[in-house]
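# What the coordinates show
The chain contents come next:
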Amino acid sequence: MHDPKTLRAFLLALPKTETHLHIEGALPYEILREWKPETYPENPPFRAPGYRYETFPQFDEILLGHALPWFTTPERYHIAAARIFKNLAAQNVRYVETSFHLPVTQFLKLDGRDILDAILSAAPPGMTVRAFTGMARNDYKPPLRDTIDDLGNWKQLHGVDLHGLETLPNEPWTAEVWANLRAAGKRTKAHAGEFGGAGRVREAIEQLGATRIQHGTRAIEDPAVVRLAADRGVTFDMCPISNVKLRVVPDIASHPIRRLMQAGIHCTVSTDDPLCFANTLLDEYETLANEAGFTLAELAQLARNGWQVADIPDSERQRHLAEIARVEKQFA
């Protein structure tokens, strides 16, 4: 068992990345409390440590029911992003990949490029932010289709993510759109292996060409898929606390992240939707240490994996990796 103060000091000293963060799902709950304290109670049941969501639709309803009343203008995206990034910087997070939900451009009548500008302009000094947009598997229809087809021309956009209800099939448009966006210089991610089984991870890798899988948890159910991901150099951007609260796994001790890492898959750790899970990145690392027995070396490797996949100049990457090595040596 780690000494709590030593563990916290070690984790704070590690330069870290956050590579799986939905901006709407990361809305700090205190912003809602400050805005309308009479509407948003101090300790809602869904943010309690022991709370478990019954279904993904129930989770989605709570997330959207709390996030969408706030995210009505680009200015509000900026306000939220500034608070989110400030909280991450306090945890020594220096690189962030975050996405906004593309359909808001339709039902809120917002320009997605204005949302991207609002998010990116909130990045504090010393933090690199890469902004993505995410869409559901059935979103390629008018009027959103034209917006999706134009994403390759959005200079501020770093990449795209396929998310939402995983029980929906991947429609034929996705592979072509993902390939076109990569040709335009955009990064492509896909949620897979969360509520869908290992076959959805194979599908994302082989059909969509994704090398960044958001979650990937259930790939462990098929050793052939694990080998495929390892052989292709695929990164799993994992969110253990999210997986527990959404009943993907029963508890942290049962989470397959260590087995996936031992099989050669690069796994990172992120928070997913802190609005709904009341988690921080430090919580993710500490929970793996306290409930799954992760050593300091394993925690450092998770941080290292984040920098290895970060889209930054290699000189900057090596600087952060060297800092992790120094921290490991200091706490050895």
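Overview of the structure. (Residues numbered from 1 in each chain as written. Predicted model: local features only at pLDDT ≥ 70, side-chain atom pairs only at ≥ 80, totals over all residues. Heavy atoms only, no water.)

## Some details on the environment of Thr98
In this fold, Thr98 is placed in strand β2 (residues 93-101). Counting along the chain gives 68 residues from Thr98 to Glu166, while the straight-line C-alpha distance between them is 19 Å. If sequence neighbours within four positions are ignored, Thr98 has contacts with Leu21, His22, Ile23, Phe85, Ile119, Val129, Arg130, Ala131 and Phe132. Reaching out from Thr98, the side chain makes a polar contact with the backbone oxygen of Leu21 at a distance of 2.8 Å. (Helix = DSSP H or I, 4+ residues; strand = E, 2+ residues; numbered from the N terminus. Contact = heavy atoms within 4.5 Å. Polar contact = N/O pair within 3.5 Å; in protein donor to acceptor, adjacent residues only side chain to side chain.)

## Quick word on the packing of helix α1 (residues 4-13) against helix α15 (residues 296-309)
The contact between α1 and α15 brings their axes to 11 Å, and the two run at 25°. Taken as axis vectors, α1 and α15 run roughly parallel relative to one another. The two elements α1 and α15 cross, and the hand of that crossing is right-handed. Between α1 and α15, the residues in contact are Leu7, Phe10 and Leu11 and Leu296, Leu299 and Ala300, respectively. Residue classes in the contact of α1 with α15 are distributed as 6 nonpolar, no polar and no charged. (Axes fitted to C-alpha atoms, helices over the stretch in contact; angles between N-to-C directions. Parallel < 35°, antiparallel > 145°, perpendicular 65-115°, else oblique. Left-handed = near helix turned anticlockwise from the far one by under 90°. Nonpolar A, V, L, I, M, F, W, Y, C, P; charged D, E, K, R; others polar.)

## Focus: empty space enclosed by the protein
Summed over the entire model, instances satisfying the criterion amount to 2 cavities of 30 Å³ or more. Within this model, the largest cavity holds a volume of roughly 50 Å³. Around the largest cavity, the lining residues are Thr19, His20, Leu21, His22, Glu97, Thr98, Ser99, Phe132, Asp161, Lys189 and Gln214. Looking at the lining of the largest cavity, the elements with two or more residues in it are β1 (16-22) and β2. The residue inventory of the lining of the largest cavity, partitioned by class, reads 2 nonpolar, 6 polar and 3 charged. Put simply, the second largest cavity is a space of about 30 Å³. Around the second largest cavity, the lining residues are Arg137, Leu162, Asn170, Ala190, His191, Ala192, Arg200, Glu203, Ala204 and Leu208. Elements with a minimum of two residues in the lining of the second largest cavity: β5 (187-192) and α9 (198-206). (1 Å grid on protein atoms, 1.4 Å probe; cavity = no way out; pocket = protein on both sides within 12 Å on 5 of 7 lines; lining within 4 Å. Points joined across faces, edges and corners; volume = space filled by probe spheres on them.)

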